[in-house]
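# Summary of the model geometry
Spelled out, the chains give:
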Amino acid sequence: MARLRLSVAERREELLRAAVEQIEARGVAAVRIADVASALGVSNALVLYHFETKEKLVAAAFAHAAQADLAHLRRILSRRTSALRRLRTAVRWYAPTGQAKGWRLWIEGWASSLRDPALRDVARDLDQQWKAALTAVITEGSAAGEFHCDDPASAAWRLTALLDGLAVQMTAYDGTLTRAAMLAWTDEALARELGLEREALTRQGA
């Protein structure tokens, strides 16, 4: 059966989805252009036509996957509710026990970016977008008097550093912490950053 003729944008989207799946299955170091091409039944030349090198394909696939999580984060933070509720929902969703899908891919990207400048630039930009989004809602809530935080940017850095570290532990050593313990630690850290008691955070941000 002949394959449907896709537009350039559709073909690129298809290739990126396949690349993400292959990276998750094989890891960045092991994945090959041929793996992505084979998964779709296309030629290596077609993949290279769109991305030129494996490094560019991997960087684009990483950004493609991470942008989906970023888009969901922004939807959470744009809801018409209190800043505290939006922030707690976002942090608990971002936590490794939440529903964010990209943790294994993020960890692969971090490791590979030590040797790949293009991937490092992509990872840095995406990481800064996460922190900027959290900084904005912390600033909003502090200005509205919902809680007190003198330095929203630093609070966002500390929160994401904690969550990133927990994600590495949970992904590499599955089952080392319970979901309940992870969420309790997340709430405790968030309450501390916002100058709230944990009970007040749970009550107001439920």
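Report on the accompanying structure. On a predicted model such as this, the values are computed, not experimentally measured, just so you know.

Scanning the protein chain from terminus to terminus reveals 10 helices and zero strands. Counted from the first residue to the last, the protein chain has its helices and strands arranged as α-α-α-α-α-α-α-α-α-α. If you line up the protein chain on its principal axes, its C-alpha atoms span 60 × 35 × 35 Å. Considering the protein chain as a whole, with its 206 residues, one finds that 46% of them fall into the buried category. Within the protein chain, counting contacts between residues at least 6 apart in sequence, those at least 24 apart form 63% of the total. In the form shown here, the protein chain has an accessible surface area of approximately 11,100 Å², with 53% of it arising from carbon and sulfur atoms. Separation of charge centres in the protein chain, based on 28 positive and 25 negative side chains, amounts to 4 Å.

With that settled, consider the packing of aromatic side chains. In this description, a pair of aromatic rings is defined by centroid distance and the angle of the planes. In the structure shown here, the tally under the stated rule is two aromatic pairs. Between Trp 93 and Trp 130 the ring centres are 6.0 Å apart and the planes differ by 25°, which places this aromatic pair in the stacked class. Highlighted residues: Trp 93 in helix α5 (residues 83-94) and Trp 130 in helix α7 (residues 117-143), separated in sequence by 37 residues. Accessibility classification places Trp 93 together with Trp 130 in one group, the buried group. Both rings, one in Tyr 94 and one in Trp 130, keep their centres 4.4 Å apart while their planes meet at 45°; by these two values the pair is tilted. One end of the pair, Tyr 94, is in helix α5; the other, Trp 130, is in helix α7, and 36 residues separate them in sequence. The exposure class of Trp 130 is buried, given its relative accessible area of 2%. One aromatic cluster is present, formed by Trp 93, Tyr 94 and Trp 130 through successive ring pairs.

With that settled, consider the packing of helix α1 (residues 8-26) against helix α2 (residues 33-40). In contact at an axis separation of 9 Å, α1 and α2 are set at 120° when each is read in the N-to-C sense. As the angle between them shows, α1 and α2 are arranged oblique. In the packing of α1 onto α2, the handedness of the crossing is right-handed. Contacts between α1 and α2 pair Glu 14, Leu 15, Ala 18, Ala 19, Gln 22 and Arg 26 from the former with Asp 35, Val 36, Ala 39 and Leu 40 from the latter. Residues of the contact of α1 with α2, tallied by class, amount to six nonpolar, one polar and three charged.

This model, assessed by the stated rule, comprises one cavity of 30 Å³ or more. Quantified by volume, the largest cavity comes out at close to 30 Å³. If you trace the largest cavity, you find it lined by Ala 19, Ile 23, Val 31, Arg 32, Val 36, Lys 54, Leu 57 and Val 58. The set of elements that each furnish at least two residues to the lining of the largest cavity consists of α1 and α4 (54-77). Taken together, the residues of the lining of the largest cavity break down into six nonpolar, no polar and two charged.

Scoring rules and cut-offs
- Residues numbered from 1 in each chain as written.
- Predicted model: local features only at pLDDT ≥ 70, side-chain atom pairs only at ≥ 80, totals over all residues.
- Heavy atoms only, no water.
- Helix = DSSP H or I, 4+ residues; strand = E, 2+ residues; numbered from the N terminus.
- Buried < 20%, exposed > 50% of the residue type's maximum accessible area, 1.4 Å probe, protein only.
- Contact = heavy atoms within 4.5 Å.
- Areas by Shrake-Rupley, 256 points an atom, 1.4 Å probe, with all protein chains shown as cover.
- Lys, Arg positive; Asp, Glu negative; His and termini not counted.
- Charge placed at Lys NZ, Arg CZ, Asp CG, Glu CD.
- Phe/Tyr/Trp six-rings, centres within 6.5 Å; stacked < 30°, edge-to-face > 60°.
- Axes fitted to C-alpha atoms, helices over the stretch in contact; angles between N-to-C directions.
- Parallel < 35°, antiparallel > 145°, perpendicular 65-115°, else oblique.
- Left-handed = near helix turned anticlockwise from the far one by under 90°.
- Nonpolar A, V, L, I, M, F, W, Y, C, P; charged D, E, K, R; others polar.
- 1 Å grid on protein atoms, 1.4 Å probe; cavity = no way out; pocket = protein on both sides within 12 Å on 5 of 7 lines; lining within 4 Å.
- Points joined across faces, edges and corners; volume = space filled by probe spheres on them.

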